[in-house]
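Fold and geometry: a report
The lines below spell out each chain.
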Amino acid sequence: MKTLNNKTVILLLASALIFAGCTKQLEIDPQQSIDAAQALTTADGVNASITGIYAKLKSARWYGRDMITHPEALADNGYATNASGRLLPESNNTSGAHFTTTIWTTGYAGINQINLAIDAVTAGIPGASAGTKNNWLGQLYFLRGLYYFDMVRVYSYIPGAVVAAQDRGGVPLVLKGFNSVDSALVFRPSRTPVNDVYDQIVKDLTAANTNLTWSTSLVNLANKAATQGLLARVNLYRKNFGEAKRWADSAIALVGSRLTTSSTFVSNWRAATHQETIFQIAYLTSAENIGVNESLQTSFTSLVTPGNPTVTGGFGDLVPSITLLNDLGITLVGGNTSANYLGVNAVVASRSDDVRNLLFEPGSSGRTGKRKIECTKFLGKNGFINLDNVPVMRVAELYLIRAECAATQGSSVFSEANAIADLKKIKSNRILNYTGSDIETADNALTGSALYEEILKQRRIEFAFEGFRFFDFKRLGRDIVKSAPNANPPVAFTDFRILPAIYQPDVDGNPNIKQNFGY
């Protein structure tokens, strides 16, 4: 038991070392590592530590791949081509194929590093101005809120959508740092109740909002607009619709008119940073390239450049399902049937006037022999194949959060007129000739469940292959139904596979932590 627990402690303590590879963007002199007790006594040390915390989010197990690919594969957006075998178990919802326990171990390593840095900055760093201190604390509280939000939505049920008989709680809240094995060994937390974890996330983000500022140059870092947007998302998840709307309102007012139009939406996905981005995970050097096996580009497309299926690059492991093609308004030659989808090279017969479907096109046949429609949102935008900045939040989400809050029956901010206004805001910026069209006329007449479902459909279309879909099913307590050619039975919300296993050594080494049901 003690050996297993020591493994966990070592992972935590590893985060107290600051590696040279994480300091490049801060131009700090390279060195092998710095002991935590020394590293966090200087401004350069704090900056390097914060850079290292961002760097953990770049891994393939976090925003580098899994937090984007898995919500598409586990839900109904993605179909696994078996080009490389990757993402096939997740697409089939195979028991044990889910978010890996690396999110748990990486998350707590990052949180420990955050806690140590908060303690050091609060105690005082020689020569640091009040503004610098506030900025450090703002970034650290934002990052801790983001880490905990991602971890609790992965490993636990979401407030208001809980299978009580299977609920083992949230994730352990650790709000103090450990820089020695001995101190960590005696700390054996239990899993904090889900609502309490969300309360702490809101507390951290509220503190971050007080300390941070906003400008368009800050999208690679924690900033005030991203903090307010994340507060809107967190409150939507916990079904506090009044607070979700309040923070969405505030963030929209802060960032101004950043919503792209039907004429600029696609071109913005070809730029390194999308205009709508208010926070992204930035990959700044070719050394950060995840490569041809697991990058987002290779996961979603075999193409190297748009419109050129003669050159094969990646694998295109996960492609849009038939139902997603239908919602996107893409019709294949021969029809959107299972036999046609699997049996022939994909050729687009027609597209609706929704420009979002232009980011989905036939790929190469070099990997599987049969071309499929593939997602090209990630296409080496940073100047190298397989190297893309990853948007974590775009301004479009704020409008759709606000629309969902207003369309939810029983919400404190229920207003179908407001919901329709935000729905139309998105559609008018995405659909050619929308104003005055039959589509707008139909939208004006929406009410009740039809309005609510249309907003959820727009979330599906807007954020397809950006890592939203599974979590939308999960927070709404809905079964996952996958249509042909993925013939697997539906995954009921009560199925234990909705949650992944947590890190087994922490279960073995700490009797206060209970494994998720079914594992």
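What you are looking at is a predicted structure, and each value in this text was computed from that prediction instead of being measured.

Attention now moves to the overall build of the chain. Looking only at helices and strands, the chain has 21 helices and 8 strands in total. The principal-axis extent of the C-alpha atoms belonging to the chain is close to 65 × 50 × 45 Å. Roughly 18,700 Å² of accessible area belongs to the chain as shown, and the carbon and sulfur atoms make up 53% of that amount. Averaging the locations of the 48 positively and 43 negatively charged side chains of the chain gives two centres separated by 2 Å.

A few words now on helix H3 (residues 43-56). With 14 residues, H3 should reach 20 Å at 1.5 Å per residue; the first-to-last C-alpha distance of 20 Å fits that figure. Burial runs high along H3: 10 of the 14 residues are buried.

This part is about the nonpolar core. Counting residues in hydrophobic clusters, the biggest one holds 143 residues, and the most contacted among them are Tyr-63, Phe-142 and Phe-360. Among the elements that make up this core, the one with the highest residue count is helix H7 (residues 130-155) (14 residues). Ignoring anything within four residues of it in the chain, the contact list for Phe-360 reads Pro-320, Leu-328, Ile-330, Arg-351, Ile-373, Glu-374, Cys-375, Thr-376, Ala-464 and Phe-465.

On to the pattern of salt bridges, then. Applying the stated criterion across every chain, the model contains 33 salt bridges. The partner of Asp-66 in a salt bridge is Arg-65, with the nearest N and O atoms 2.8 Å apart. You'll find Asp-66 and Arg-65 in the same group, each marked buried. With its nearest N and O atoms 3.0 Å apart, the salt bridge here joins Arg-153 to Asp-150. One end of the pair, Arg-153, and the other, Asp-150, are both in helix H7, 3 residues apart, so they sit about a helical turn from each other. By the burial criterion, Arg-153 is buried, and Asp-150 matches it.

Before going further, it helps to examine the pairing of strand E2 (residues 277-281). Burial analysis of E2 places 5 of its 5 residues in the buried class, which makes it a mostly covered element. The sheet contact formed by E2 and strand E8 (residues 390-394) spans 4 bridges and is antiparallel. Looking at the pairing, Ile-281 lines up with Val-390 of E8.

Below, the discussion takes up the packing of aromatic side chains. Scanning the model with the defined rule gives 18 aromatic pairs in all. Here Phe-463 and Phe-468 contribute two aromatic rings whose centre-to-centre distance is 4.2 Å and whose plane-to-plane angle is 15 degrees, an arrangement assigned as stacked. Connected via pairs of aromatic rings, a cluster forms that spans Trp-269, Phe-300, Phe-360, Phe-378 and Phe-465. The aromatic ring of Tyr-283 is capped on one face by Lys-58, whose charged end is 5.9 Å from the ring centroid. Looking at Arg-246, its charged tip hangs above the ring of Trp-247, at a distance of 4.4 Å from the centre.

Attention shifts here to the packing of helix H9 (residues 194-211) against helix H10 (residues 224-237). Close contact between H9 and H10 brings their axes to 9 Å; oriented N to C, the two are set at 160 degrees. The pairing of H9 with H10 is recorded here as roughly antiparallel in orientation. Crossing of H9 against H10: the hand is left-handed. Residues Tyr-198, Ile-201, Val-202, Leu-205, Thr-206, Ala-208 and Asn-209 of H9 lie in contact with H10, whose contacting residues are Lys-224, Thr-227, Gln-228, Leu-230, Leu-231, Val-234, Asn-235 and Tyr-237.

Let's shift gears to the side chain of Arg-402. One can find Arg-402 in helix H16 (residues 395-407). Engagement of the side chain of Arg-402 in a polar contact is seen with the side chain of Asp-249, the distance being 2.8 Å. Each residue touching Arg-402, except ones within four places of it in the same chain, is listed here: Lys-245, Ala-248, Asp-249, Ile-252 and Asp-422.

A cis amide bond links Ala-484 with the next residue in sequence, Pro-485, at an omega value of 10 degrees. Even without being a glycine, Asn-93 presents a positive backbone phi close to 50 degrees. Since its relative accessible area comes to 7%, Asn-93 is described here as buried.

Let us now look at the confidence of the model for the chain. Overall, the predicted model of the chain reaches an average pLDDT of 92, with 93% of residues at or above 70. Across residues 9-34 the pLDDT falls below 50, and counting only partners more than four positions away or on other chains, this stretch makes 54 contacts in the model.

This part covers the environment of Leu-143. Within the fold, Leu-143 resides in helix H7. Residues Leu-143 and Ser-299, 156 residues apart in the sequence, show an inter-C-alpha distance of 26 Å.

As a further point, take the packing of helix H6 (residues 102-123) against H7. Remark: H6 packs on H7, axes separated minimally by 10 Å, with the N-to-C direction vectors making an angle of 155 degrees. It follows from the interaxial angle that H6 and H7 lie roughly antiparallel. By crossing handedness, the relation of H6 to H7 is classed as left-handed.

The topology assignment puts Pro-309 in the loop between helix H13 (296-300) and strand E3 (318-320). Exposure remark for Pro-309: the relative accessible area of 31% places this residue in the partly exposed category. With 56 residues separating them in the primary sequence, Pro-309 and Ser-365 have C-alpha atoms 7.4 Å apart. In contact with Pro-309, other than residues within four places in its own chain, are Leu-303, Pro-362, Gly-363, Ser-364, Ser-365 and Arg-371.

The next thing to look at is helix H11 (residues 241-255). Compared with an ideal rise of 1.5 Å per residue, which puts 15 residues at 21 Å, H11 spans 21 Å between its outermost C-alpha atoms and is within 8% of the ideal. Looking at the buried positions of H11, the neighbouring elements they touch are H9, H10, E2 and H16. Positioned one or two residues after H11, Gly-256 has a phi angle of 75 degrees, which is positive.

Attention now moves to the environment of Arg-475. By the element assignment, Arg-475 lies in helix H20 (residues 469-476). Each C-alpha atom of the pair Arg-475 and Gly-160 lies 7.5 Å from the other, and the pair is 315 residues apart in sequence. In this view, Arg-475 contacts Ile-158, Ala-161, Leu-236, Tyr-237, Lys-239, Glu-404, Leu-456 and Arg-459; residues no more than four positions away in its chain are not counted.

Moving on: the side chain of Asp-76. Among the structural elements, Asp-76 can be located in the loop between helix H4 (66-74) and strand E1 (78-80). What Asp-76 contacts, discounting residues up to four positions off in sequence, is Ser-321, Thr-323, Arg-460, Arg-469, Phe-473, Ile-480, Val-481 and Lys-482.

Analysis parameters
- Residues numbered from 1 in each chain as written.
- Predicted model: local features only at pLDDT ≥ 70, side-chain atom pairs only at ≥ 80, totals over all residues.
- Heavy atoms only, no water.
- Helix = DSSP H or I, 4+ residues; strand = E, 2+ residues; numbered from the N terminus.
- Areas by Shrake-Rupley, 256 points an atom, 1.4 Å probe, with all protein chains shown as cover.
- Lys, Arg positive; Asp, Glu negative; His and termini not counted.
- Charge placed at Lys NZ, Arg CZ, Asp CG, Glu CD.
- Expected span 1.5 Å × (residues − 1).
- Buried < 20%, exposed > 50% of the residue type's maximum accessible area, 1.4 Å probe, protein only.
- Core = buried A, V, L, I, M, F, W, Y, C linked by side-chain atoms within 4.5 Å.
- Contact = heavy atoms within 4.5 Å.
- Salt bridge = Lys/Arg side-chain N within 4 Å of Asp/Glu carboxyl O.
- Pairing = 2+ DSSP bridges.
- Phe/Tyr/Trp six-rings, centres within 6.5 Å; stacked < 30°, edge-to-face > 60°.
- Lys NZ or Arg CZ within 6 Å of the ring centre and 35° of its normal.
- Axes fitted to C-alpha atoms, helices over the stretch in contact; angles between N-to-C directions.
- Parallel < 35°, antiparallel > 145°, perpendicular 65-115°, else oblique.
- Left-handed = near helix turned anticlockwise from the far one by under 90°.
- Polar contact = N/O pair within 3.5 Å; in protein donor to acceptor, adjacent residues only side chain to side chain.
- pLDDT = per-residue confidence, 0-100.

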